[in-house]
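Read off the chains here:
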Amino acid sequence: MGGLQKKKYERGSATNYITRNKARKKLQLSLADFRRLCILKGIYPHEPKHKKKVNKGSTAPRTFYLLKDIRFLLHEPIVRKFREYKVFVRKLRKAYGKAEWTAVERLRDNKPGYKLDHIIKERYPTFIDALRDIDDALSMCFLFSTFARTGKCHVQTITLCRRLTVEWMNYVVTSRSLRKVFISIKGIYYQAEVLGQLITWLVPYQFAHDHPTDVDYRVMATFTEMYTTLFGFINFRLYQTLNLVYPPKLDSKAESELKAEHEEDYAMDSESYLEKLSALSASLARVVATAEEEEENQLDQFPADGEDLENMEAREKEQKEQEAQNRLFEGLKFFLNREVPRESLAFILRCFGAEVSWDKSLCIGGTYNVTDETITHQIVDRPDIDKQYINRYYIQPQWVFDSVNAKMRLPVEDYFLGVTLPPHLSPFVEEKDGDYVPPEKLKLMALQRGEKHEEEEDDDDDDDDEEYNDEVDDEDLTEEKNLKKMEDQRSQGKQTLAVKVTPGKVKPWETGSVGNKVRLEKEEKAEEKRLAIMMMKKKEKYLYDKIMFGKKRTTREANKLAAKRKAHEDTSKAEKKQKKAKKQ
Amino acid sequence: MRLWNELSYFTCWISHQARLCTPPTRLCTPPTRLCTPPTRPGPALYSTHQARPCSVLHPPGQALLCTPPTRPGPALYSTHQARPYSVLHPPGQALLCTPPTRPGPTLYSTHQARPYSVLHPPGQALLCTPPTRPGPVLHPPGPVLHPPGQALYSTHQALYSTHQARPCSVLHPPGKALYSTHQARLCTPPTMPGSVLHPSGKALYSTHLTVPGLIQPICFSTRLLTRFSLSPSFLSQDIRNTVGNIPMEWYQDYPHIGYNLDGKKIFKPIRNKDELDEFLDKMENPDYWRTVHDKTTASDIRLSDEQVDLVHRLQKGQFGDVNFNEYEPSVDFFTNEVMIHPVTNRPQDKRSFIPSLIEKEKVSKLVHAIKMGWIKPRKPKETTPQYYDLWAKEDPNAILGRHKMHVPAPKMRLPGHEESYNPPPEYLLTEEERMAWEQQDAEDRKLPFLPQKHSCLRAVPAFSRFIHERFERCLDLYLCPRQRKMRVNVNPEDLIPKLPKPKDLQPFPTTMSLVYIGHSSLVRSISASPTGQWLVSGSDDCTVRFWEVNTGRCMKTLEVGGAVKSVAWNPNPAVCLVAVCFESTVLLLNPGLGDRLVVSSTDQLITSYEPPEEDKEQAVTWALSEGPEHDNGHRLTLTHPKAVKQVVWHGKGDYLASVMPDNSSNLQVLIHQVSKRRTQNPFRKNKGLVQCVSFHPLRPYFFVATQRYVRVYNLIKQELTKKLMTNCKWISSMAIHPGGDNLICGSYDCRLAWFDLDLSTKPYKMLRHHKKALRGVAYHKHYPLFASGADDGSVIICHGMVYNDLLQNPLIVPVKVLKGHQITHDLGVLDVTFHPTQPWVFSSGADATIRLFT
């Protein structure tokens, strides 16, 4: 037939994708540079729907990028900077080799650098987009700021990360946007709500890092490079929204207060400033000196009806709750003992309006001493303390975290010194029905609702519910079993020809009481359902089975957890009893 | 003069230093290269022969002449390149470059003359021959001037792969001539009639000597290629031929043999020597051995003693000059050792002590500029990044298509209770779980960490995999393909089809009301009488039992001679006949139950048979039972050739079909007519193993179910009407709707296929209700019900409504699962049949019981 012969893989999906190596060659970049470019520009591989077609018939595992993405990279100005840098490195190496130190110095001075501003703007055309993506940036910067100033990466990066994180914490304190905190075994999770976006980040505990060898720090450094740029711009913008000075300055009043007697001995002014900021104990300077008054941003009342009204009310209620939470620790005066993590606690307490101080020798910026009579709470993380003041609570740090999550000041009794702490629950878990809810959470919920905590009853109720459900499921089975048994008996009877009449037990639901009618109905429904399931189409049946399998698994897991809890409680009760017996 | 000489020599040496270092190594090669020539004595040797003598003329110390090599044999001239280089250096400074002469007009087409002439300062002629040569094997000989008293080597950098004559001639100043002749040749002195002419002790000839393998004139042509005349006396009668390196035969017909330096003809001697002269000369002339014939001048030259000596020395590989000491200690100009004292002992200049005025001026200018603030120190580079309001102008147009296409990376999972430093006790792993966790691969673990409980915050250690986790996140961000996946968020209840409630589809059997017990082995087949009063069952215990339906009483037990495979009650209510099949026999029984009139009329019907006149050969033998068998109820016995599996009546009750499954013959299905006792085999061909057959209830159609297909035959037209594809692996049973348009097939692969015959040959619906193989299916005669019994011991009743409206598809709703039969030997229900009038169903099972569900 006429026409050109169609060649394979010259149209369709094969032309939309490009392998990594080809892309690299097209861009004329080394693999490391290509990787850096991808990281900075946010280009990620794509999985084609039909891999073999895209791979031109081969089934070899390859990474594919969208051809459009690679074309987009082609005109990126930063690619040229990469090349310049390569040349610079070459020249430098040569100068080193020839021991031309002046040349080395000159080259060093003219080291080519690049800025990522345009990339940030391009990747995040709006501020909200950028804010949405800041989770990873925060976690990364917090991690890098804890690195030692030797080895793994540039000192400038570490100091920059530290500066940015301090700025961020100051912003969160000033805007009072912290919502949830959680002490995990990995570190401390924080969740803040900034301009309507929930932002979660994780801060490692303050320990020296044991740097793993199987981690490519160049990749991390590239990410950090991008994140610090993004983070800086976001901080700037956020400070602007609050009318704060950027880079942050301490309030003039606070500054004078903080001026210690021996400050000159402590450190250079430039160095101590960041530390003063990171102390988080003072408020920040504002661009426009506003009065202290907090503008109450009341929601405007709109005439609404029906659902809108409900929504409005819900929103109003939420906002009230929010405000209440923001003033959670207002009026309280905390003192942090030296063994507690100062930064995280100071950060949290300041976020909720408390006054915090610590020992002078611990950190700069402590505003009052242990001896201050007005201190209401002292946070201690040791079994006992020698000198105790009578007019303050000595509590363990978990109280602060739990109170924040509960949005109320929890009773301090459970958190006194030497007391076994109640379990610390994750505030991020939202239990759906069918999930396991730990009893502590139930207690807490009851407490929030304003009930007195009556644990025994609650627990019993729960158990009842579960049992009831189980019963319903089992009923069919038991009935069938009974029938079978009767059948067996009958057949056996026939075989042996020994006719026996036994007084039958009238089943309770056959007597016609209301409950049994319900039961019968239920049975009927179950039967109907089973028959209908039989008539399902194959595809739907598969889906249905899958869903049901998942549901069953969750219930099984929940049951397992419940059983474990029960076993644990039983053993602890038994132990208590034993102790009592011993005492007696 | 001497000094000058020295100087000139020095410059020469310097310029040739590089080259000089090579000769020794080069010179050592010729012997190895030249080992071939002696083995090739014939003329063939000459085909590639290229003579290339370079001769340097040094007239009393000054002239240098290089004559071109000559080539013998005309055949060789196609690529012949005559290249005469002649450099004349008469005692003044004249330089003559003589062009090559070209006497042969045709042969020189590719001849390229390339005269290079170099004039050397007086006293030292140097010839540099051209470096480029078209010939593949030749290398330009570079002549090197050697200091006085030492030989000058024309360093030919040679390629000795083929025969190459390369005489190097060395001129030795004051009056001493040195010939570095071709060494290869010289290594074989006895065979070499090379002669060197040294007229008057001053002239020197470097002769090119070819290898004379055979004494043939052509081979023996010792050619004098170059002649040096050194002495002034000789110079006066210098008869040098300028024709170049050409075969002298070309001048055969001329009186002359060339031209001298002045362009005058050189004439041949009047009489040439002939062979005899030659011989006589050889015999008589004592100097014959040292006489060389110069073809170019056609004269004989006698070599002097000195020359002969020289030749001998060179043949031995010694230096030409006797006095030359080749083992003189070499003296370096500069030592390679680092010396402690300076080479020069010159005192330093005064200016090295005095500050430079120019510099001072420059410095003072700079100082002034700095004072005035014109020059400022270089600003330290900004290392801290500058931040500004990047999103000051948010441009909605900046949101491109790519941003809409962009799939944001999923956020990290938020931590659960188990990650807490102080989790509730139930989240901690028990000992076994911990072991299991440790043994699992890192990818398989449900939790990437071990939940731990710490008594206080102070006791919490650093998380060792923190950096790893961040790094993995980074890798995910830039290496993981992203995809938007639609999550099926469906309420499982919505997936369940909305069916009419079974309650609304009543009546259908719901409970088991009667169990008919009596058989001792599995009951394979049951059938109800058309009135619905009686039930017949056939079992593997070789009995046929008749039951009263309402009471469950066994009315009659008949022993037959084998396991009963199938029983069928005649559907005609006016006849009381039951067909029973076992082994290869089909037995027609009259159970004698029910109306006596019917019973007797049946008997009458059978006895009223009159055999036809002509007896046809039949596939089956019909035998009338008599005696005790008759009393038992046996009426007719049809003995088949093979084992019978199934019998089925036609709706009218006269015809009876029997199935003898056999994969290899066409005799599988037989149709019998009872009234005429006739049997016929409807099929001529075998279409596969027949599983079961059935008559259409209304029309003359016949259904045959083979392993995978159901074929519908028109009995009147005797043709195949339809072939139904069941999509089953193996059909076990089949039933036809009383309306005749629908059909159900049960199969051993747990499926039940409902066919709407008007719709398609593919199943209208496949029902996978049973968990195990289906054994029996049945339609109810009046109610829209059908039942299926399977090996899982259950009977499923379905509502199967068929509408008269052809546009409406049948409605199929399962209404009841009836259980009761026990599973014995992996078999459950073997046969199901409906009561003809009531919505009741009978089922027979492998547990030797028959059950009635009402």
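Remember, predicted model here, so these are calculated numbers, not experimental data. Starting from 1, residues in each chain are numbered consecutively following that chain's sequence as written. Following the order in which they are written, the chains are lettered starting with A and the ligands numbered starting with 1. Side-chain atom pairs in this predicted model are given and counted only at pLDDT of 80 or more, local residue features only at pLDDT of at least 70, and totals for whole chains, interfaces and linings cover all residues. Hydrogens and water are ignored here; the side-chain numbers use all heavy atoms of the structure.

### What about the overall build of chain A?
Numbered from the N terminus, helices here are DSSP runs of H or I no shorter than four residues, and strands are runs of E no shorter than two. Scanning chain A for helices and strands turns up 21 helices and nine strands. Accessibility here uses a 1.4 Å probe with only protein chains present; expressed as a share of the type maximum, an area under 20% marks a residue as buried, one over 50% as exposed, and anything in between as partly exposed. Burial statistics for chain A: of 584 residues in total, 41% are counted as buried. What makes two residues a contact is simply this: any of their non-hydrogen atoms within 4.5 Å. Within chain A, residue pairs in contact and separated by at least 24 positions form 61% of the contacts whose partners lie at least 6 positions apart. Each accessible area value is a Shrake-Rupley result obtained with a 1.4 Å probe; residue values ignore everything except the protein chains displayed when judging cover. About 35100 Å² of surface is accessible on chain A, with carbon and sulfur atoms providing 51% of the total.

### A short note on the sheet that holds strand E34 (residues 765-767) of chain B
Strand pairing in a sheet relies on backbone hydrogen bonds, with the paired strands running either antiparallel or parallel. All names here are of chain B. One open sheet holds the four strands; their spatial order is E31-E32-E33-E34, and the pairing between them is antiparallel. Only two strands of the sheet have a single partner each, and these edge strands are strand E31 (731-736) and E34. Strand after strand, the sheet turns through a mean of 20° between neighbouring axes, direction not considered. Strand direction decides the pairing type here: strand E33 (residues 752-756) and E34, joined by three bridges, are antiparallel. Bridging from a neighbouring strand, Trp754 pairs with Lys765 of E34. When DSSP locates at least two bridges between a pair of strands, those strands are taken to pair. Every axis in this analysis is a line fitted to C-alpha atoms, fitted for helices over the stretch in contact. Angles between the N-to-C directions lie between 0 and 180 degrees.

### Re the UniProt feature "repeat: WD" (unreviewed entry) in chain B
UniProt positions are given in the numbering used here, feature names are shortened, and annotations may be inferred rather than shown by experiment. UniProt tags residues 516-557 and 822-854 of chain B as "repeat: WD" (unreviewed entry). The distance separating the terminal C-alpha atoms of residues 822-854 of chain B is 19 Å; by composition the span is 0% helix and 48% strand.

### Notes on the packing of aromatic side chains
Residues and elements named next belong to chain A. Stacked, edge-to-face and tilted labels apply to pairs of Phe, Tyr and Trp rings (six-membered ring for Trp) whose centres lie within 6.5 Å, assigned for plane angles under 30 degrees, over 60, and everything in between, in that order. Here the structure, examined in full by the defined rule, presents 43 aromatic pairs over all chains. Cluster of aromatic residues (ring-pair linked, three or more members): Phe142, Trp168, Tyr171, Tyr190, Trp201, Phe231, Phe236, Tyr239, Tyr246 and Phe347. A cation sits over an aromatic face here: Arg36 above Phe82, 5.1 Å from the ring centre. Two conditions define a charge sitting above a ring: the NZ of Lys or the CZ of Arg must be within 6 Å of the ring centre, and it must be within 35 degrees of the ring normal. The side chain of Arg342 reaches across the aromatic face of Trp358, ending 4.5 Å from its centre.

### Some words on the environment of Pro422 of chain A
Following the sequence through the fold, Pro422 of chain A ends up in the loop between helix H17 (398-406) and helix H18 (439-449). The contact partners of Pro422 of chain A, leaving out residues within four places of it in the chain, are Gln398, Asp414 and Tyr415 of chain A together with Asn422 of chain B.

### What to know about helix H11 (residues 217-241) of chain A
All names here are of chain A. If you check H11, its first and last C-alpha atoms are 35 Å apart, about what 25 residues at 1.5 Å a residue would give, namely 36 Å. Most of H11 sits inside the fold, with 20 of its 25 residues counted as buried. Within 3.5 Å is the distance limit for a polar contact, defined as a pair of N or O atoms, with the added protein rule that one can donate a hydrogen and the other accept it, and that residues adjacent in sequence qualify only through two side-chain atoms. One side-chain oxygen at the N-terminal end of H11 lies 3.1 Å from the backbone nitrogen of Arg218; it belongs to Asp216. Positive phi appears at Asn243, one or two residues downstream of H11, with a value of about 60°. Any helix carries an expected span of 1.5 Å times its number of residues minus one.

### Some words on the pattern of salt bridges
Every case where a carboxyl oxygen of Asp or Glu lies within 4 Å of a side-chain nitrogen of Lys or Arg is listed as a salt bridge. Applying the stated criterion across every chain yields a total of 42 salt bridges over all chains. A salt bridge links Glu440 of chain A to Arg565 of chain A, with the nearest nitrogen and oxygen atoms 2.4 Å apart. Separated by 125 residues along the polypeptide, Glu440 of chain A in helix H18 and Arg565 of chain A in helix H21 (residues 538-583) bring together distant segments of the chain. Given the relative accessible area of 13%, Glu440 of chain A is considered buried. Overall, the relative accessible area of 10% leaves Arg565 of chain A in the buried class. For Asp349 of chain B, the salt bridge identified is with Arg351 of chain B, shortest N-O distance 3.4 Å. By relative accessible area, which is 65% here, Arg351 of chain B ends up exposed. Three or more residues joined by partner-sharing salt bridges are found here, namely Glu440, Arg565 and Glu569 of chain A together with Glu426 of chain B.

### Thoughts on a nonpolar patch on the surface
Residue and element names in this part refer to chain B. Here, patches come from residues exposed beyond 30% relative accessible area and free of salt bridges, joined within 9 Å for like charges and within 5 Å for nonpolar side chains (Val, Leu, Ile, Met, Phe, Trp, Tyr). There is a patch of nonpolar side chains on the surface, built from Leu366, Ile370, Met372, Trp374 and Ile375 and spanning about 550 Å² of accessible area. With respect to the secondary-structure elements, Leu366 resides in helix H8 (residues 357-372). Since its relative accessible area comes to 47%, Leu366 is described here as partly exposed.

### Considering the pairing of strand E6 (residues 333-336) of chain A
All names here are of chain A. Residues of E6 alternate between two faces, with Lys333 and Phe335 on one and Phe334 and Leu336 on the opposite face, all of them buried. As paired elements, E6 and strand E7 (residues 355-358) share four bridges and run parallel to each other. Paired with Phe334 across the two strands is Val356, which belongs to E7. Call a crossover right-handed when, viewed with both strands pointing away from you, the route from the first strand across the helix to the second goes clockwise. Running through helix H16 (residues 342-351), the crossover from E6 to the neighbouring parallel element E7 is right-handed. As defined by bridge partners, E6 adjoins strand E8 (residues 377-379) across three bridges and the pair is classed as parallel. Each bridged residue has a counterpart across the sheet, and for Leu336 the counterpart in E8 is Ile379.

### Points about the sheet that holds strand E17 (residues 553-559) of chain B
All names here are of chain B. Strand order in the open sheet formed by four strands is E14-E15-E16-E17, and the pairing between neighbours is antiparallel. A single partner strand is all that each edge strand has here, and the edge strands are strand E14 (523-528) and E17. The mean inter-strand angle of the sheet, taken between neighbouring strand axes irrespective of direction, is 20°. Strand direction decides the pairing type here: strand E15 (residues 534-539) and strand E16 (residues 543-548), joined by five bridges, are antiparallel. Residue pairing in the sheet places Trp534 in a bridge with Glu548 of E16.

### Examining the interface of chain B and chain A
Taken together, the 94 residues of chain B in the interface contact 115 residues of chain A. A simple way to read buried area is as the amount of 1.4 Å-probe accessible surface that goes missing from two parts once joined, with both sides added. Approximately 8900 Å² of surface area, both sides summed, lies buried where chain B meets chain A, with 63% of it carried by carbon and sulfur atoms. Among the residues chain B hides against chain A, the three largest losses belong to Tyr387, Trp391 and Tyr478 of chain B. Together they make up 10% of the total. At the boundary of chain B with chain A, the tally comes to 13 salt bridges. Element by element, the count of residues in the side of chain B that touches chain A is highest for helix H11 (residues 466-479) of chain B, at 11 residues.

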